[in-house]
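Structure assessment
Here are the chains, one letter per residue:
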Amino acid sequence: MLDKYKKMAFGCSRCGMCIVGEAGYICPIQQHTGGFDQYAARGRNQIAKAILNGELDYSEELMESTFTCLGCNSCHEQCTRMDPLTGEKNIIDETKLTNALRVDLVKAGFGPPEALKSVDAGVQSKHNVFGEPVEKRNKWAEGLDLPKQGDTVYFAGCYASYRNTKIPKATVAVLKAGGVDVAYLGEDEWCCGVPQLADGNIGLAEELIQHNVEALKASGVKKVITSCAGCFHALKTEYPEIIGKLPFEIVHSSEVIAELIDNEKISLNTKIEKTLTYHDPCHLGRHENVYEQPRKVLNAVKGATFVEMPRNKANAWCCGGGSVVSTAFPEISNEIAAGRVAEAKETTAETIVSTCPSCENGLNAAARKSKIEVIDLSVLVANAMSLQI
């Protein structure tokens, strides 16, 4: 797998923009692991080069450092490396290179970390990252009379289905209020596969991807809506790269809600007199370039004041939970989340709004200690519309 990204590895000049770019210190993991290069993009690029040159072997130590990468894509955002022949910018995609290293490490018998093996076992048998009963996935949709077939399908994802059911309930309620009728796959919806794409289990990832695409095709879907940033990135970008162009469109719920507001299909008339700040999920922002729509929605909430954190949009700090790090290295993940919550607190905001159930889950523990609320955008909108969820 690593050989596929040989050009990226050898294209690195070790300039250090992936560590301290124009936005300042930009690698959360290196900051929380002593500052050593093996935990940052330029270090992993050198490791990849050494492996490709036959100068370094895969090992347990290499597995541990490689699996700390959050996949936040901040290094790719700051990288200034250009192809000298074509002039193409940002030629090094650290996330893809790291995931390729992980696949090869696992194939060589090193990894993934034990905690991730348990996750994969649960996904293999129960089709969700928590290993919980299959039939529990669609419990949130009981009484909503959602068909299994239709032009528009809502893809809830594991975190929203099993951990924060307010998110899918709110999303469906808002969409219905805006005249968007959605179908739902129920138990035929499986984990999107983004954790397996990140933990080196490419075989299981491809199995999940193939199943979900076939289930979606069978539903007759033309547009898939998801409120999970990870699912959105997987469906929109990772799926086509693995199995080819999809016969349906993928959109994030924040994009749909912003459009409904623009077209005056919904009104956020219930006042919410709070100061809000927005946390950009890495998968939605840096990976998919969706920045403005969530902010447009926040600015439409009556009575609310919206303030930005110092690090936002392309320079936003990660929540710490990306790319299976929260499962494999929870202490590091929690430290990074606490730093992000502290940054939000400094803005005087009372509420952190995000558009990813995984981000919300990661930020919540630190937020409770700091007495600041964390809420999903769809839940905020449902509240601003006085919808019952």
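Looking at the sheet that holds strand 7 (residues 275-278)
- The strand order 8-7-9-10 describes an open sheet built from four strands, whose pairing is parallel. For this open sheet the edge positions go to strand 8 (305-306) and strand 10 (373-376), each flanked by a neighbour on one side alone.
- With three bridges connecting them, strand 7 and strand 9 (residues 351-354) associate as parallel partners. Residue pairing for strand 9: Y278 is matched across the bridge by V353.
- Across the sheet, helix 17 (residues 357-370) lies against strand 9 and strand 10, angled at about 165 degrees from strand 10, the strand it touches most.

Comments concerning the pairing of strand 10
- Of the strand pairs in this sheet, strand 9 and strand 10 are connected by four bridges, and their pairing is parallel. Considered in strand 10, the bridge of T351 is made with E373.
- With helix 17 bridging strand 9 and the parallel strand 10, this β-α-β connection has right-handed handedness.

As for unusual backbone geometry
- With an omega dihedral of 0 degrees, the bond running from G111 to P112 counts as a cis peptide bond.
- The residue P112 is located in the loop between helix 6 (94-107) and helix 7 (114-126) in this model.
- The backbone phi angle of N73 is positive, close to 70 degrees, even though this residue is not glycine.
- In this structure N73 comes out as buried when scored by relative accessible area, which is 4%.
- Positive phi outside glycine occurs at N289, with the angle close to 65 degrees.
- Note on placement: N289 falls in the loop between strand 7 and helix 14 (292-298).
- In this structure N289 comes out as exposed when scored by relative accessible area, which is 59%.

Quick look at the packing of aromatic side chains
- In total, this model carries four aromatic pairs according to the counting rule given.
- Taken together, F130, Y159 and Y162 form an aromatic cluster joined through their ring pairs.
- Across from the ring centre of F67, 4.9 Å away, lies the NZ or CZ of R102, which sits over that ring.
- The cationic tip of R311 hangs over the ring face of W317; the distance from NZ or CZ to the ring centre is 4.0 Å.

Section: the packing of helix 9 (residues 166-177) against helix 13 (residues 253-262)
- Orientation of helix 9 relative to helix 13, taken along the N-to-C sense of each, is 30 degrees, at an axis distance of 11 Å. Relative to helix 13, helix 9 is oriented roughly parallel. Regarding helix 9 and helix 13, the two cross each other, and that crossing is left-handed. Side by side, helix 9 and helix 13 meet where T171, V174 and L175 of the first sit next to S253, V256, I257 and L260 of the second.
- Each residue belonging to the contact of helix 9 with helix 13 can be placed in one class, and the counts come to five nonpolar, two polar and no charged.

Quick look at the pattern of salt bridges
- Taken as a whole and assessed by the stated rule, the structure comprises 18 salt bridges.
- Residues D37 and R42 are paired through a salt bridge, measuring 2.8 Å at the closest nitrogen-oxygen approach.
- Its salt-bridge partner being K313, residue E292 comes within 3.0 Å of it at the nearest N-O pair. Of this pair, E292 sits in helix 14 while K313 sits in the loop between strand 8 and helix 15 (325-328); the two residues are 21 residues apart in sequence, bridging distant segments of the chain.
- Taken together, the shared-partner salt bridges connect R14, D37 and R42 into one network.

What about helix 9?
- Between the first and last C-alpha of helix 9 there are 16 Å, a value that for 12 residues agrees with the 16 Å anticipated at 1.5 Å per step.
- All of the buried residues in helix 9 are I167, P168, A170, T171, V172, A173, V174 and L175.
- Looking one or two places after helix 9, you find G179, whose phi comes out positive at around 85 degrees.

Observations concerning the layout of surface pockets
- Roughly 300 Å³ of internal volume is contained in the second largest pocket.
- When residues of the lining of the second largest pocket are traced back to their parent elements, those giving at least two are helix 6, helix 11 (202-218) and helix 12 (229-243).
- Among the elements that take part in the lining of the second largest pocket, helix 6 stands out by supplying five residues, more than any other.
- A class-by-class count of the residues in the lining of the second largest pocket yields seven nonpolar, two polar and five charged.

What counts, and where the lines are drawn
Residues numbered from 1 in each chain as written. Predicted model: local features only at pLDDT ≥ 70, side-chain atom pairs only at ≥ 80, totals over all residues. Heavy atoms only, no water. Pairing = 2+ DSSP bridges. Helix = DSSP H or I, 4+ residues; strand = E, 2+ residues; numbered from the N terminus. Contact = heavy atoms within 4.5 Å. Axes fitted to C-alpha atoms, helices over the stretch in contact; angles between N-to-C directions. Right-handed = clockwise from strand over helix to strand, strands pointing away. Buried < 20%, exposed > 50% of the residue type's maximum accessible area, 1.4 Å probe, protein only. Phe/Tyr/Trp six-rings, centres within 6.5 Å; stacked < 30°, edge-to-face > 60°. Lys NZ or Arg CZ within 6 Å of the ring centre and 35° of its normal. Parallel < 35°, antiparallel > 145°, perpendicular 65-115°, else oblique. Left-handed = near helix turned anticlockwise from the far one by under 90°. Nonpolar A, V, L, I, M, F, W, Y, C, P; charged D, E, K, R; others polar. Salt bridge = Lys/Arg side-chain N within 4 Å of Asp/Glu carboxyl O. Expected span 1.5 Å × (residues − 1). 1 Å grid on protein atoms, 1.4 Å probe; cavity = no way out; pocket = protein on both sides within 12 Å on 5 of 7 lines; lining within 4 Å. Points joined across faces, edges and corners; volume = space filled by probe spheres on them.

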